Amino acid sequence: MEPDDRTEAAVREAFSLLDHEIRLEILLALLEDWHAVYTDPKSYAELMDAVGMRDSGKFNYHLDKLRGVYVRQVEDGYVPTASVTALYRAVLAHRPTDRLEYGPTAIDSACPRCDATAILRYERGFVSVECSACDDWPGFTYPFPKNGFAGRSVRAVARATARRARYHIGLARDGQCPFCAGTTTVDVPLDDVADDNLVEIACDTCTFLVGVEPLSPLLFEERVASALGDVGVDLERYDWELPTPTTRVESQDPVRLALEVEGEAGTATIVVDEALGVRSVAIDR
Ligand SMILES: [Zn+2]
Ligand SMILES: [Zn+2]
């Protein structure tokens, strides 16, 4: 979705409020004692003291600009708002001023097309897994905050990214954007579903957009996961290592798609509607 003028003005206002030394000092002082919902408010005097200001007129002026946006006044003083704590968390997660790029590194997986070693790269905040030998496999790409590399090996990063993507995509399929909590739209390519076309799931507000195989977003659903387990599909594996379902259109009106997944112990058939809502799950051993 293209940001409209109102969104752009809101973004401009929110960012520009941060561009002042005194306002930054106020916010940093509040964030210092921030403990999620258990934050103790800072009194007016404590806050003024923490910022090191004597001129209450000037202090008031800047506090007032922040009030309601980044600072909330409660009975015993002031606390940071959810907006500023989310920005703070985004900085901790993405570490915008740190540089981190990873060249191709082998991981514990193989290309689903040619079986050569899979390699991981990290660029511009995205983890990509691709084949070290062929171009036939489109691979896997998902955003992963730089902070996720702390204390993890490259293999562990590959696992963590794949897990993160599976949960996020499951949530998005269920109607909620994992980043902004907005509503989502699921677009299943009904006309040529058999031609390996990807399902697109997009947020109606922010830029979250994924193109995935139809099975991936369903792994989050309890009855799908349990049926796949029953037919011997190991969900601990990377999504790209799972069997590719045979997809057929069972009916156009109402839309019903059947995904047949063959495991080592049988076949699971998952019937979904046009929004990838699960209509039925059956297993045949
Ligand atoms: Zn390959
Ligand atoms: Zn969103």
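Structure: above.
In this text, all values refer to a predicted model and were calculated from it rather than measured experimentally. (Residues numbered from 1 in each chain as written. Chains lettered and ligands numbered in written order. Predicted model: local features only at pLDDT ≥ 70, side-chain atom pairs only at ≥ 80, totals over all residues. Heavy atoms only, no water.)

Engineer: Explain the environment of Asp-64 to me, please; I cannot follow it from the model alone.
Structural biologist: Within the secondary structure, Asp-64 is located in helix H4 (residues 56-66). For the pair Asp-64 and Tyr-142, spaced 78 residues apart in sequence, the C-alpha to C-alpha distance is 40 Å. (Helix = DSSP H or I, 4+ residues; strand = E, 2+ residues; numbered from the N terminus.)

Engineer: Any chance you could explain the packing of helix H3 (residues 44-51) against H4 here in plain terms?
Structural biologist: Describing two packed helices takes the angle between their axes plus the distance from one axis to the other. The interhelical angle for the contact between H3 and H4, taken along N-to-C directions, is 100 degrees, at an axis separation of 11 Å. When the axes of H3 and H4 are compared, the pair comes out roughly perpendicular. In this structure, H3 uses Tyr-44, Leu-47, Met-48 and Val-51 to contact H4, whose residues at the interface are Ser-56, Phe-59, Asn-60 and Leu-63. A breakdown of the residues in the contact of H3 with H4 according to their chemical character gives six nonpolar, two polar and no charged. (Axes fitted to C-alpha atoms, helices over the stretch in contact; angles between N-to-C directions. Parallel < 35°, antiparallel > 145°, perpendicular 65-115°, else oblique. Contact = heavy atoms within 4.5 Å. Nonpolar A, V, L, I, M, F, W, Y, C, P; charged D, E, K, R; others polar.)

Engineer: Any chance you could explain the sheet that holds strand E3 (residues 102-110) here in plain terms?
Structural biologist: Across a sheet, strands are paired by hydrogen bonds formed along the backbone, either parallel or antiparallel in direction. If you walk across this open sheet you meet the four strands as E3-E4-E5-E6, and the pairing is antiparallel. The outermost strands of the open sheet, each flanked by one partner alone, are E3 and strand E6 (140-143). On average, each strand axis in the sheet is inclined to that of its neighbour by 25 degrees, with strand direction left out of account. Note that strand E4 (residues 117-123) and strand E5 (residues 126-131) share six bridges and pair antiparallel. Across the sheet, the residue bridging to Tyr-122 is Val-127, located in E5. Here helix H6 (residues 154-173) sits on the sheet and contacts E3, E4, E5 and E6; the angle it forms with E6, its principal contact strand, is near 80 degrees. (Pairing = 2+ DSSP bridges.)

Engineer: Sorry if this is basic, but what is going on with the coordination of the zinc ion (ligand 1) here?
Structural biologist: By definition of the ideal shapes, a tetrahedral metal site with four donors has angles of 109.5 degrees and an octahedral site with six donors has angles of 90 or 180 degrees. Surrounding the zinc ion (ligand 1) are the protein donor atoms Cys-111 (SG), Cys-114 (SG), Cys-131 (SG) and Cys-134 (SG), which sit 2.2 to 2.4 Å from the metal. Geometry at the zinc ion (ligand 1) is tetrahedral, judged from the four donor atoms that bind it and their angles of 98 to 115 degrees at the metal. We note that the donor set of the zinc ion (ligand 1) lies within a single chain, spaced as C-x2-C-x16-C-x2-C. (Donors = N, O, S within 2.8 Å, 3.2 Å for Na, K, Ca; no water. Tetrahedral: all angles 85-135°; square planar, octahedral: opposite > 155°, others 65-115°.)

Engineer: Help me understand the nonpolar core in this model?
Structural biologist: In summary, soluble globular proteins display a tendency toward joint burial of nonpolar side chains. Ile-107, Leu-120, Val-127, Val-129, Leu-218, Leu-228 and Ile-270 are the most contacted members of the largest nonpolar core, which totals 53 residues. Of all the elements, H6 adds the most residues to this core, at eight residues. Setting aside anything within four residues of it in sequence, one finds Leu-228 in contact with Leu-215, Leu-219, Val-233, Leu-235, Val-261 and Ala-268. Residues Leu-17, Val-51, Phe-59 and Leu-66 belong to the second largest nonpolar core, which totals 18 residues. (Core = buried A, V, L, I, M, F, W, Y, C linked by side-chain atoms within 4.5 Å. Buried < 20%, exposed > 50% of the residue type's maximum accessible area, 1.4 Å probe, protein only.)

Engineer: What exactly am I supposed to notice about the coordination of the zinc ion (ligand 2) here?
Structural biologist: Only Cys-177 (SG), Cys-180 (SG), Cys-203 (SG) and Cys-206 (SG) from the protein reach the zinc ion (ligand 2) as donors, at distances of 2.2 to 2.3 Å. What the four donor atoms of the zinc ion (ligand 2) show is an angle range of 98 to 115 degrees at the metal, which sorts the shape as tetrahedral. Site description for the zinc ion (ligand 2): donor spacing in sequence, C-x2-C-x22-C-x2-C. Taken together, the residues span a long stretch of sequence, with Cys-180 in the loop between H6 and strand E7 (184-187) and Cys-206 in the loop between strand E8 (199-203) and strand E9 (209-212) at a distance of 26 residues. The class for Cys-180 is partly exposed, based on a relative accessible area of 35%.

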